[in-house]
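Structural description and commentary
Each chain is listed here by its residues.
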Amino acid sequence: MGAEPKPLVNAHAHNDYEHARPLLDALDRGFCSVEADVWLVDGQLLVAHDRGKAKPGRTLQALYLDPLRARDDFKKFLSELEEGAEGGTKGSP
């Protein structure tokens, strides 16, 4: 794997879902903010710019949440959050 991208804290991936690899392309380039237009259709959160262009397989879960959960850096982030939460409660009455 190559070097980690420099975080672009002031950059925003507008309409990120129009890219070949939503979320992943933005993260690989250092973006710290992404946009996804989400529509509730038949009980599913579908990602599309317009509701009429929403397609069943393009869910928020499939395009963003699952890929994020699969990333090692996100797993490390969650682990650190859990450790911090546990550490913050130690010694509490």
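Remember, predicted model here, so these are calculated numbers, not experimental data.

Quick look at the overall build of the chain now. Of regular secondary structure, the chain possesses three helices and two strands. The helix and strand sequence of the chain, counted from the amino end, reads α-β-β-α-α. A globule of 93 residues ought to have a C-alpha radius of gyration of about 12 Å, yet the chain, at 17 Å, is considerably larger. Each principal axis of the C-alpha atoms in the chain carries an extent, and together these give about 55 × 35 × 25 Å. Considering the chain as a whole, with its 93 residues, one finds that 22% of them fall into the buried category. Of the contacts formed within the chain by residues at least 6 apart in sequence, a portion of 28% connects residues at least 24 apart.

Core analysis: the largest hydrophobic core is formed by five residues, namely Tyr17, Leu23, Val47, Leu63 and Tyr64. If near-sequence neighbours (up to four positions away) are discounted, Leu23 is found in contact with Asp16, Val34, Leu63, Tyr64, Pro67 and Leu68.

What follows concerns the pattern of salt bridges. Applying the stated criterion across every chain yields a total of eight salt bridges. In this structure, Arg21 engages Asp28 in a salt bridge whose closest nitrogen and oxygen atoms are separated by 2.5 Å. Arg21 sits in the partly exposed class, given a relative accessible area of 37%. Taking the shortest distance from any N to any O, the salt bridge between Asp25 and Arg29 comes out at 3.7 Å. For Asp25, a relative accessible area of 12% corresponds to the buried category. Linked by salt bridges that have partners in common, Arg21, Asp25, Asp28, Arg29, Arg71 and Asp73 make up one network.

Moving on to the pairing of strand 1 (residues 38-41). Sheet topology note: the strand 1/strand 2 (residues 44-47) ladder contains four bridges and is antiparallel. Looking across to strand 2, one finds that Leu40 is bridged to Leu45. Adjacent in sequence and paired antiparallel, strand 1 and strand 2 are bridged by two residues, among which Asp42 carries a positive phi angle near 50°.

Phi is positive for Leu23, close to 70°, though the residue is something other than glycine. Relative to the elements of secondary structure, Leu23 occurs in the segment before helix 1 (24-28). The residue Asp42 is not glycine, and still its phi comes out positive at about 50°. Along the chain, the position of Asp42 falls in the loop between strand 1 and strand 2. According to the relative accessible area criterion, Asp42 is exposed, its value standing at 79%.

Moving on, we come to the environment of Asp37. As for its position among the elements, Asp37 is in the loop between helix 1 and strand 1. A sequence separation of 14 residues divides Asp37 from Arg51, and the C-alpha atoms of the two residues are 9.0 Å apart. If we skip the residues at most four places from it in the chain, Asp37 touches Asn15, Tyr17, Leu46, Val47, Ala48 and His49. Within polar-contact distance, the side chain of Asp37 engages the side chain of His49 at 3.2 Å.

Definitions and limits used
- Residues numbered from 1 in each chain as written.
- Predicted model: local features only at pLDDT ≥ 70, side-chain atom pairs only at ≥ 80, totals over all residues.
- Heavy atoms only, no water.
- Helix = DSSP H or I, 4+ residues; strand = E, 2+ residues; numbered from the N terminus.
- Rg over C-alpha atoms; globule rule 2.2 N^0.38 Å.
- Buried < 20%, exposed > 50% of the residue type's maximum accessible area, 1.4 Å probe, protein only.
- Contact = heavy atoms within 4.5 Å.
- Core = buried A, V, L, I, M, F, W, Y, C linked by side-chain atoms within 4.5 Å.
- Salt bridge = Lys/Arg side-chain N within 4 Å of Asp/Glu carboxyl O.
- Pairing = 2+ DSSP bridges.
- Polar contact = N/O pair within 3.5 Å; in protein donor to acceptor, adjacent residues only side chain to side chain.

Nothing here speaks to function; it is geometry throughout.
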